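Each chain, written out:
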Amino acid sequence: MNNRRSFLKKSALGATALTTTSSFGFNILKKTVVEDQIIGHGDFKYKVVKDWAKMSVAHNPILNCHEMQMDSKGRLIMLGDHTDNNILVFDKSGKLLDYWGTRYPGGHGLTLHDEGGEDMLYIVDCGWFVDRTGKWSKQAGSVSKTTVDGRLLFNLPDPHTIGVYTQEQEYLPTETAIGPNGDIYVADGYGSDFILQFSHKGEFIRKWGGHDNSDKNYNLHNAHGVAVDYRDKQNPVLIITSRSDKSFKFFTLDGKFIKTLELPGAYVCRPVLDDNNIYAGVCWSENKQGKRFSDSGFVTIMDGNNKVVSNPGGDAPEYKNGKLQQMYQSEKAVFNHGHDVFVDEDKNLYVCQWNANRTAPVKLERV
């Protein structure tokens with residue numbers, strides 16, 4: 001792996017030197033030399049491969065690429081919200097192997113969990129969908145457990161039907177995570193911003209979060225993502241997105257607040273854990289005047305101490321007196337709206353995007 005990274009670094013430097021040797025010849029060279037675009041910072045740098053997915057969107061249409069997981073066979077499973085094919089299945093070269101799913105017009109959250117040696121999917125329909133006139137509409141969201149080929153096993157109960165929500169509280173879930181004992185955690189990120197905990201059988205256990213807690217640490221605003229953090233193997237905890245607050249919040253598995261990790265300027269989606277690092281798609285960022293704007297996403301990466309070490313597609317992270325400064329998209333934009341990141345065994349990244357002109361995932365090859 002180290003030899004491969006050294007080779008790619010040298011190749012990228014060589015390509016960059018060739019294309020910038022003389023400015024008067026740039027237009028000619030641009031037609032004959034492909035310049036590798038390298039993004040990221042420190043030890044987390046990547047070559048951008050925008051044409052990774054080998055597929056026809058005419059045959060397999062895409063609205064939004066929301067999330068991606070890898071099954072035990074090494075297949076990359078992507079969830080989107082086009083009901084011709086909610087699920088697209090790729091190999092690591094980008095070849096489309098399979099596709100299925102017509103029942104999730106708001107396909108949004110995807111979790112894969114090994115249950116007794118069998119891969120299971122937890123699919124979240126957030127309720128927001130594009131109707132037949134092309135307009136965004138909403139209906140009640142849902143969480144489904146399926147096999148990797150789409151056989152439905154059960155749906156979690158709607159919280160209205162079991163007395164957990166009042167009639168006025170919306171349920172528009174965005175994400176799930178599976179705890180060490182099989183408990184299912186649901187983030188109601190587009191609805192009422194609660195985290196709902198169910199047993200592995202779908203029995204309701206508890207909820208927390210929302211907006212009106214006396215202890216403001218428990219308030220969540222756009223609770224877009226949830227993940228189990230196993231970095232301390234003796235003490236796994238939950239990391240929950242509070243996207244409008246530009247932060248991750250850490251809780252115990254039974255919902256007790258631990259701490260907040262602030263990420264200034266970054267409207268992050270779900271936390272993705274790999275080794276000691278946290279990765280996240282940034283859906284939006286802000287300009288220098290502090291205004292959020294469209295097509296301003298990137299990826300952010302934190303180390304084992306929860307310090308931001310790289311922002312592929314964004315400016316380099318900066319700390320002053322130990323405090324993270326405002327983060328921005330890089331001047332030369334790579335992403336529209338980063339929605340999810342998957343990390344493979346070679347530490348390459350696959351970035352799914354929302355509202356990105358119906359494009360397939362982008363691969364970032366680690367260098």
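Residues numbered from 1 in each chain as written. Predicted model: local features only at pLDDT ≥ 70, side-chain atom pairs only at ≥ 80, totals over all residues. Heavy atoms only, no water.

In the annotation of an unreviewed UniProt entry, the entry for the protein reads Twin-arginine translocation signal domain-containing protein, and the organism field reads Zobellia amurskyensis.

S.K.: Any chance you could explain the overall build of the protein here in plain terms?
M.R.: Within the protein one finds 2 helices and 31 strands. Computed over the C-alpha atoms, the radius of gyration of the protein is 21 Å, within 12% of the 21 Å expected from 2.2 N^0.38 for a compact globule of 367 residues. Its C-alpha atoms put the protein at 70 × 50 × 45 Å along the principal axes. By residue count, 55% of the 367 residues in the protein fall in the buried class. Look at the contacts in the protein between residues 6 or more apart in sequence, and 47% of them connect residues 24 or more apart. Split by element, the accessible area of the protein, about 16900 Å² in all, is 48% carbon and sulfur. One finds the centroid of the 43 positive side-chain charges in the protein at a distance of 5 Å from the centroid of its 45 negative side-chain charges. (Helix = DSSP H or I, 4+ residues; strand = E, 2+ residues; numbered from the N terminus. Rg over C-alpha atoms; globule rule 2.2 N^0.38 Å. Buried < 20%, exposed > 50% of the residue type's maximum accessible area, 1.4 Å probe, protein only. Contact = heavy atoms within 4.5 Å. Areas by Shrake-Rupley, 256 points an atom, 1.4 Å probe, with all protein chains shown as cover. Lys, Arg positive; Asp, Glu negative; His and termini not counted. Charge placed at Lys NZ, Arg CZ, Asp CG, Glu CD.)

S.K.: What's the story with the sheet that holds strand β14 (residues 184–187) in this structure? I'm lost.
M.R.: If you walk across this open sheet you meet the 4 strands as β13-β14-β15-β16, and the pairing is antiparallel. On the outer flanks of this sheet lie β13 (175–178) and β16 (204–209), each paired with one strand and no other. Direction aside, neighbouring strands of the sheet carry axes that sit 20 degrees apart on average. Summarising the sheet, β13 and β14 pair through 4 bridges and their orientation is antiparallel. Across the sheet, residue threonine 176 finds its bridge partner in β14, namely valine 186. (Pairing = 2+ DSSP bridges. Axes fitted to C-alpha atoms, helices over the stretch in contact; angles between N-to-C directions.)

S.K.: Would you explain the pairing of strand β3 (residues 65–70) in this entry?
M.R.: Residues in a regular strand project their side chains so that they alternate between the two faces of the sheet. Where burial is concerned, most of β3 is hidden: 6 out of the 6 residues are buried. Relative to strand β4 (residues 76–80), β3 runs antiparallel, the two sharing 5 bridges. Residue pairing across strands places cysteine 65 opposite glycine 80, the latter belonging to β4. The antiparallel pairing of β3 with β4 creates a hairpin that spans 5 residues between the two strands, and glycine 74 there sits at a positive phi of about 80 degrees.

S.K.: For this particular structure, what's the right way to read the side chain of serine 192?
M.R.: As for its position among the elements, serine 192 is in the loop between β14 and β15 (194–198). Owing to a relative accessible area of 9%, serine 192 belongs among the buried residues under this scheme. Each residue touching serine 192, except ones within four places of it in the same chain, is listed here: Tyr165, Gln169, Glu170, Gly210 and His211.

S.K.: Looking at this structure, I do not really get the packing of aromatic side chains. What am I missing?
M.R.: Here a ring pair, both rings aromatic, is described through the centre-centre distance and the interplanar angle of the planes. Inspection of the entire model under this criterion finds 13 aromatic pairs. Note on tyrosine 165 and tyrosine 171: the rings are 6.0 Å apart at their centroids and 85 degrees apart in plane angle, and the pair reads as edge-to-face. Exposure remark for tyrosine 165: the relative accessible area of 6% places this residue in the buried category. Summarising the aromatic geometry, the rings of tyrosine 267 and tryptophan 284 are spaced 6.4 Å apart at their centres and angled 90 degrees between planes, so their arrangement reads as edge-to-face. With tyrosine 267 in strand β21 (residues 267–268) and tryptophan 284 in strand β23 (residues 277–286), the pair connects residues that are 17 residues apart, well separated along the chain. Look at tryptophan 284 and you get buried, because its relative accessible area is 12%. Ring pairs connect the aromatic residues Tyr185, Trp208, Tyr218, Phe251 and Phe257, which therefore count as one cluster. Lying across the ring of tyrosine 267, arginine 292 places its NZ or CZ 5.3 Å from the centre. Sitting over the ring of tyrosine 319, lysine 307 keeps its end group 5.1 Å from the ring centre. (Phe/Tyr/Trp six-rings, centres within 6.5 Å; stacked < 30°, edge-to-face > 60°. Lys NZ or Arg CZ within 6 Å of the ring centre and 35° of its normal.)

S.K.: Help me out: how do you make sense of the pattern of salt bridges in this one?
M.R.: When their charged atoms lie close together, side chains carrying opposite charge are able to pair. Scanning all chains against the criterion turns up 16 salt bridges. The shortest N-O distance in the salt bridge between aspartate 346 and lysine 92 comes to 4.0 Å. You can see aspartate 346 sitting in the loop between β29 (338–343) and β30 (349–353) and its partner lysine 92 sitting in the loop between β5 (87–90) and β6 (96–100), a full 254 residues away along the chain. Taking the relative accessible area as the measure of exposure, aspartate 346 reaches 28% and is therefore partly exposed. As a salt-bridge pair, lysine 347 and aspartate 275 come within 2.7 Å of each other at their nearest N and O atoms. Of this pair, lysine 347 sits in the loop between β29 and β30 while aspartate 275 sits in the loop between β22 (272–274) and β23, placing them 72 residues apart in sequence. (Salt bridge = Lys/Arg side-chain N within 4 Å of Asp/Glu carboxyl O.)

S.K.: Teacher, can you tell me more about the sheet that holds strand β18 (residues 237–242) here?
M.R.: What links the strands of a sheet is backbone hydrogen bonding, and the strands pair in either a parallel or an antiparallel sense. Pairing in this open sheet of 4 strands is antiparallel, and the strands run β17-β18-β19-β20 from one edge to the other. Looking at strand neighbours, the two that pair on one side only are β17 (226–229) and β20 (257–262), the edges of this open sheet. Averaged over all pairs of adjacent strands, the angle between their axes in this sheet comes to 25 degrees, without regard to strand direction. As paired strands, strand β19 (residues 247–251) and β20 are joined by 5 bridges and run antiparallel to one another.

S.K.: Where do I start with the environment of aspartate 51 in this structure?
M.R.: Position of aspartate 51 among the secondary structure elements: in the loop between β2 (44–49) and β3. Here the alpha-carbon distance between aspartate 51 and proline 361, two residues 310 residues apart in the chain, equals 8.5 Å.

S.K.: Any chance you could explain unusual backbone geometry here in plain terms?
M.R.: Working note: non-glycine residues mostly have negative phi, and peptide bonds are mostly trans. A positive phi is found at aspartate 275, a non-glycine position, where the angle reads about 50 degrees. Phi at asparagine 306 is positive, roughly 65 degrees, even though this residue is not glycine. Here asparagine 306 shows up in the loop between β25 (298–302) and β26 (308–310). By relative accessible area, asparagine 306 is classed as buried at 10%.

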